[in-house]
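Structural overview
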Amino acid sequence: MSLLTCLEVIDCLGAYLDEELPPPVRVRFDEHVAVCPACVDYIATYRQTLQLTRGAGEDEAREDQAPEPLVLAILAAWEREHGEPPP
Amino acid sequence: LNAPSAEREDVGASACGDAPASHAPQGGAGERASKQAEFVALVRAHTGRLRRTCRRLLQDEVEADDAVQEAFLGAYAHLHSYRGEAQLTTWIHRIAVNACLMRLRRRIAFTPALESDDCDEVLGTLLPRYLEDGHRAEPLPAGPGWTLAVDELAERRELCERVRQLVQSLPEPHRTVLVLRDLEELSTEETAALLGVRINAVKTRLHRARQALRTMLERELVREDLA
């Protein structure tokens, strides 16, 4: 059976990272990666992109704020809708 | 989602602002007071996170605040359907996401893009190119920036901010899928259900969004390293 092409390997990358590749395809995937440094680099930087994205999200979460004007606006809207003040 | 699907659809309707008043929690004064106290606690505990989620999805601070408010009112209208604090966080988060997606759908340009898989043209040169035989058309550019430890890079606040900007620059519907999956950490199945698209469409769009982001990030890192 012929090696997967770079295109086929990268198309499979999502399933590979999710460990959803069928075993025969996983074998062919690994065979290609074993001889293709460009795909090795691509997969590594793809993984790093994912890590950086998540890291950027966590960094943003550190700045989460619940500004009092917004909280009060929500409680006031609730009061208007239900005709009674929140406790 | 923790609530049954029928409730989810109902909650989705409430997030759009059209929930009937009769859906408000019922019961005695004591129970009502308890629910009210829960509502206040809910607002104070979750506004920060929901605001971040809504800003990511809507890219508009005023509209995001409106969506947060809409989500809390929708949640209150269905307080009877959540069961305990552990489920509440996920539940209110999904209501907020749904409120944002409804708003996104109302934006004129969004709906056609959401229904189409022809968006790769928008991504243009950000996707890798291949020869007719399926092998790579061009070598990867040397990226010395990638040699830095990812942990180290992630601690650089300006890079984190730049990554968030790059995410926001992705075209719809790829941006929304990447935000839901990689930032909001929804599952593929949840994302597909919320967007009303097939699971495979979510997977394809996420993969292309990550590829495009990888290319943009590579350009940033190489440029930064050369500077």
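As the structure is a computational prediction, the values presented were derived from the model and not from experiment.

The rules behind each value
Residues numbered from 1 in each chain as written. Chains lettered and ligands numbered in written order. Predicted model: local features only at pLDDT ≥ 70, side-chain atom pairs only at ≥ 80, totals over all residues. Heavy atoms only, no water. Helix = DSSP H or I, 4+ residues; strand = E, 2+ residues; numbered from the N terminus. Polar contact = N/O pair within 3.5 Å; in protein donor to acceptor, adjacent residues only side chain to side chain. Contact = heavy atoms within 4.5 Å. 1 Å grid on protein atoms, 1.4 Å probe; cavity = no way out; pocket = protein on both sides within 12 Å on 5 of 7 lines; lining within 4 Å. Points joined across faces, edges and corners; volume = space filled by probe spheres on them. Nonpolar A, V, L, I, M, F, W, Y, C, P; charged D, E, K, R; others polar. Expected span 1.5 Å × (residues − 1). Buried < 20%, exposed > 50% of the residue type's maximum accessible area, 1.4 Å probe, protein only. Arc of directions from axis to C-beta. Buried area = accessible area lost by both parts, 1.4 Å probe. Salt bridge = Lys/Arg side-chain N within 4 Å of Asp/Glu carboxyl O.

Bringing the side chain of Arg56(B) into the picture now. By the secondary structure assignment, Arg56(B) is in helix α2 (residues 29-58). Of the polar contacts made by the side chain of Arg56(B), one reaches the backbone oxygen of Gly57(A); its length is 3.2 Å. When sequence neighbours within four positions are dropped, the list of residues in contact with Arg56(B) reads Gly57(A), Glu60(A), Gln168(B), Arg175(B), Val179(B), Leu183(B) and Glu184(B).

Below, the discussion takes up the environment of Asp133(B). For Asp133(B), the position within the fold is in the loop between α6 (120-123) and α7 (150-154). One polar contact links the side chain of Asp133(B) to the main-chain amide nitrogen of His135(B), over a distance of 2.9 Å.

It is worth spelling out the layout of surface pockets at this point. The gaps left among the atoms become clear once a water-sized probe is rolled over them. If you add up the space inside the largest pocket, you get close to 390 Å³. Taken together, 16 residues make up the lining of the largest pocket; nearest its centre are Glu60(A), Arg52(B), Arg55(B), Arg56(B) and Arg164(B). When residues of the lining of the largest pocket are traced back to their parent elements, those giving at least two are α2 and α8 (157-169) of chain B. For the lining of the largest pocket, the per-class residue count stands at no nonpolar, 5 polar and 11 charged.

Here the focus is helix α5 (residues 68-82) of chain A. Residue and element names in this part refer to chain A. The end-to-end C-alpha separation of α5 is 21 Å, in line with the 21 Å expected for 15 residues at 1.5 Å each. Leu 70, Val 71, Ile 74, Leu 75, Ala 77, Trp 78 and His 82 are the residues of α5 that are buried. One side of α5 carries all its buried residues, which in axial view fall inside an arc of 155 degrees. Every exposed residue of α5 that faces more than 90 degrees away from the buried side is listed here: Pro 69 and Arg 80.

Now for unusual backbone geometry. Going from Glu172(B) to Pro173(B), the amide bond is cis rather than trans, its omega being 0 degrees. Tracing the backbone through its elements, the reader meets Pro173(B) in the loop between α8 and α9 (174-183). For Glu19(A), which is not a glycine, the phi torsion comes out positive at approximately 55 degrees. Inspection of the secondary structure puts Glu19(A) in the loop between α2 (13-17) and α3 (23-35). Glu19(A) sits in the exposed class, given a relative accessible area of 69%. Within the chain, Gln59(B) stands out as a residue other than glycine whose phi angle is a positive 55 degrees.

We now examine the interface of chain A and chain B. Between chain A and chain B, the residue contacts involve 48 residues of the former and 48 residues of the latter. Of all residues in chain A, Tyr42(A), Leu52(A) and Ile74(A) give up the largest surface area on contact with chain B, accounting jointly for 15% of the area buried on that side. Where chain A meets chain B, there are 7 salt bridges. There are 15 residue pairs in polar contact (both at pLDDT 80 or more) connecting chain A and chain B. The greatest single-element share of the side of chain A that touches chain B, amounting to 19 residues, is contributed by helix α4 (residues 37-61) of chain A.

Turning next to the pattern of salt bridges. Summed over all chains, the structure comprises 20 salt bridges over all chains. Among the salt bridges present, the one from Arg164(B) reaches Asp59(A), with a minimum N-O distance of 3.0 Å. Highlighted residues: Arg164(B) in helix α8 and Asp59(A) in helix α4, drawn from two different chains. There is no split in this pair, since Arg164(B) and Asp59(A) are both buried.

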